[in-house]
Amino acid sequence: MRTLSPIVLAALLPGAAFAEQHTEAKPVDRGPPNAEYEPAFPEQEMAPQLEATEVAIETFAENLERPWGIAPLPDGSYLVTERPGRLRHVSAQGEVHEPISGLPEIDAREQGGLLDVTLSPDFGSDRMVYFTYAKPLDGGVATAAARGMLTEDMTALENVEDIFVQGPPSDAPMHYGSRITFDGEGHVFITTGEHFTDEYRRMAQELDNTYGKVVRLNPDGSVPEDNPFVGQDGEDAIWSHGHRNIQGAAIQPATGDYWTIEHGPAGGDELNRPEAGKNYGWPEVSYGIRYDGAPIGTGEPRAEGMEEPVYFWDPVIAPGGMAFYEGDAFEGWEGDLIIASLSPGEVVRLDLDEEGLVVGEEALAGGNGRVRDVEIAEDGTVLFLIDSEAGAILRMSPKS
């Protein structure tokens, strides 16, 4: 297992702090690293393992095919996407209803399909549902975001319209992102991927496209006037760039900050707090390497003018969705970050300090399959989606 070198630690941590770093708990053991890059600061990787939480796992809902996103409804029920192209209403008791009608044409090849789902902040009055999906276009496919009005009986979406379509189209049905998140200030963030191949990944560094970007829009799809690149050459919708494949996003309740988590290659999954106009490095720099062992970009993990991740994993956790914990079920979890992991397949908990640094990590609910998304239920228990042909929603609660 990799540890920070004493030289690096001594340079970063004075006196007693250095001694304390050496005596704290070991990190979660996920196996040997892919790369040998040193972090930029001690809290950037391999946080001490938190005291184990004893949990109970039960099935909340089943008979779902490749569930991808989940959104709570005001009555305690949920909307759940299935990647093959179905949107389901799941009752508060876990009953899975027939597919909701009214969705647009969806390309469900490879990693594409129906992806994330969330509700309008004004759902109680406008009944608007927002979702992301792989949209077939002339010349390829693209990540798209759309909205439609959910009928009172929850059987159909009406007046569906796109609010964002990634450009240009790609012929690689991979790395779509995509999470859609409201910031509480009248804007919606949409994450995208860079479609995986060498032909496309370089576009994450360019501002004339929306590959490997965080996009910030008004709810109707118009561009906020204070977006960082408005009036410059390039795409006005871009908020941040240099991302690989962002599949988790959440607003931190205590601060209002926007956080994302993205897939790295072999190593280098990143937790970020994207800021306006900033460059997050991909594919010029990375804490991971190519799957064949070759270096990424410059072969360095960092460069001037490119932002450091708050935290990275090597080996990866293959992140899905994430949420900040708010609830009473798990004592001591308030404000912690709860993350879905596809590989090895678990629910990851990160303890953040007041400065937003990761000071502890825990792996939970392993062995149940690929975890694609998480949701904090009203009672404080954690619901998580198992991404498989025989998919399910599982519930995690404290063990009595």
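Worth saying up front: this structure is predicted, and the values here are computed from it rather than measured.

What counts and how
- Residues numbered from 1 in each chain as written.
- Predicted model: local features only at pLDDT ≥ 70, side-chain atom pairs only at ≥ 80, totals over all residues.
- Heavy atoms only, no water.
- Core = buried A, V, L, I, M, F, W, Y, C linked by side-chain atoms within 4.5 Å.
- Buried < 20%, exposed > 50% of the residue type's maximum accessible area, 1.4 Å probe, protein only.
- Helix = DSSP H or I, 4+ residues; strand = E, 2+ residues; numbered from the N terminus.
- Contact = heavy atoms within 4.5 Å.
- 1 Å grid on protein atoms, 1.4 Å probe; cavity = no way out; pocket = protein on both sides within 12 Å on 5 of 7 lines; lining within 4 Å.
- Points joined across faces, edges and corners; volume = space filled by probe spheres on them.
- Nonpolar A, V, L, I, M, F, W, Y, C, P; charged D, E, K, R; others polar.
- Phe/Tyr/Trp six-rings, centres within 6.5 Å; stacked < 30°, edge-to-face > 60°.
- Pairing = 2+ DSSP bridges.
- Axes fitted to C-alpha atoms, helices over the stretch in contact; angles between N-to-C directions.

K.L.:
Honestly, the nonpolar core in this entry has me stumped. Any pointers?
P.N.:
Across soluble globular proteins, nonpolar side chains have a tendency to be buried as a group. Of all hydrophobic cores here, the largest spans 19 residues; its most connected members are Leu79, Leu87, Val129, Leu150 and Leu157. Elements represented by at least two residues in this core include exactly strand 5 (114–119), strand 6 (128–137) and strand 7 (140–150). Contacts of Leu87, omitting those with residues within four sequence positions, involve Leu79, Val80, Thr81, Glu98, Pro99, Ile100, Leu103, Leu114, Val117 and Leu157. The next biggest cluster of nonpolar side chains, apart from the first, holds 18 residues, and it includes Phe330, Phe384, Ile386 and Leu394.

K.L.:
Help me understand empty space enclosed by the protein, please; the structure alone is not making it clear to me.
P.N.:
In this approach the atoms are scanned with a rolling probe the size of a water molecule, which exposes any empty space left behind. If you walk through the whole model with that rule in mind, you get three cavities of 30 Å³ or more. The volume enclosed by the second largest cavity comes to roughly 60 Å³. Lining the second largest cavity are 13 residues, and of these Arg244, Glu262, Glu270, Trp282 and Ser286 sit closest to its centre. The class makeup of the residues in the lining of the second largest cavity is four nonpolar, six polar and three charged.

K.L.:
Help me out: how do you make sense of the layout of surface pockets in this one?
P.N.:
Within this model, the largest pocket holds a volume of roughly 940 Å³. Mapped by element, the contributors of at least two residues to the lining of the largest pocket are strand 2 (67–72), strand 5, strand 9 (180–182), strand 13 (246–251), strand 17 (319–324) and strand 21 (371–376). Its residues placed into classes, the lining of the largest pocket shows 23 nonpolar, five polar and nine charged.

K.L.:
Would you take a moment to explain the packing of aromatic side chains for this structure?
P.N.:
In this description, a pair of aromatic rings is defined by centroid distance and the angle of the planes. Tallying each qualifying case throughout the model produces 13 aromatic pairs. Aromatic pair Phe189 and Trp239: ring centres 5.5 Å apart, planes at 70 degrees, arrangement edge-to-face. In this pair, Phe189 is assigned in strand 10 (residues 188–191) and Trp239 in strand 12 (residues 238–240), connecting sequence segments 50 residues apart. Neither residue differs from the other here; Phe189 and Trp239 are each classed as buried. Where Tyr311 meets Trp313, the ring centres are 5.0 Å apart and the plane angle is 85 degrees; that geometry is what we call edge-to-face. Taken together, the ring pairs in this structure connect Tyr37, Tyr287 and Phe312 into an aromatic cluster.

K.L.:
In this structure, what is going on with the sheet that holds strand 14 (residues 258–262)? I would like to understand it.
P.N.:
Reading across the sheet, the four strands line up as 13-14-15-16 and stay open at both edges, with antiparallel pairing between neighbours. Only two strands of the sheet have a single partner each, and these edge strands are strand 13 and strand 16 (311–313). Adjacent strand axes in the sheet meet at a mean angle of 15 degrees when their direction is disregarded.

K.L.:
Mind showing me how you'd approach the pairing of strand 7 here?
P.N.:
Residues in a regular strand project their side chains so that they alternate between the two faces of the sheet. Of all 11 residues that make up strand 7, 10 are buried, and the element is covered over most of its length. By the bridge criterion, 10 bridges tie strand 6 to strand 7 in an arrangement that is antiparallel. Directly across from Tyr130, in strand 7, lies its bridge partner Arg147. Joining the antiparallel neighbours strand 6 and strand 7 is a turn of two residues, in which Gly139 adopts a positive phi near 95 degrees. Sheet analysis places strand 7 next to strand 8 (residues 157–165), joined by six bridges and oriented antiparallel.

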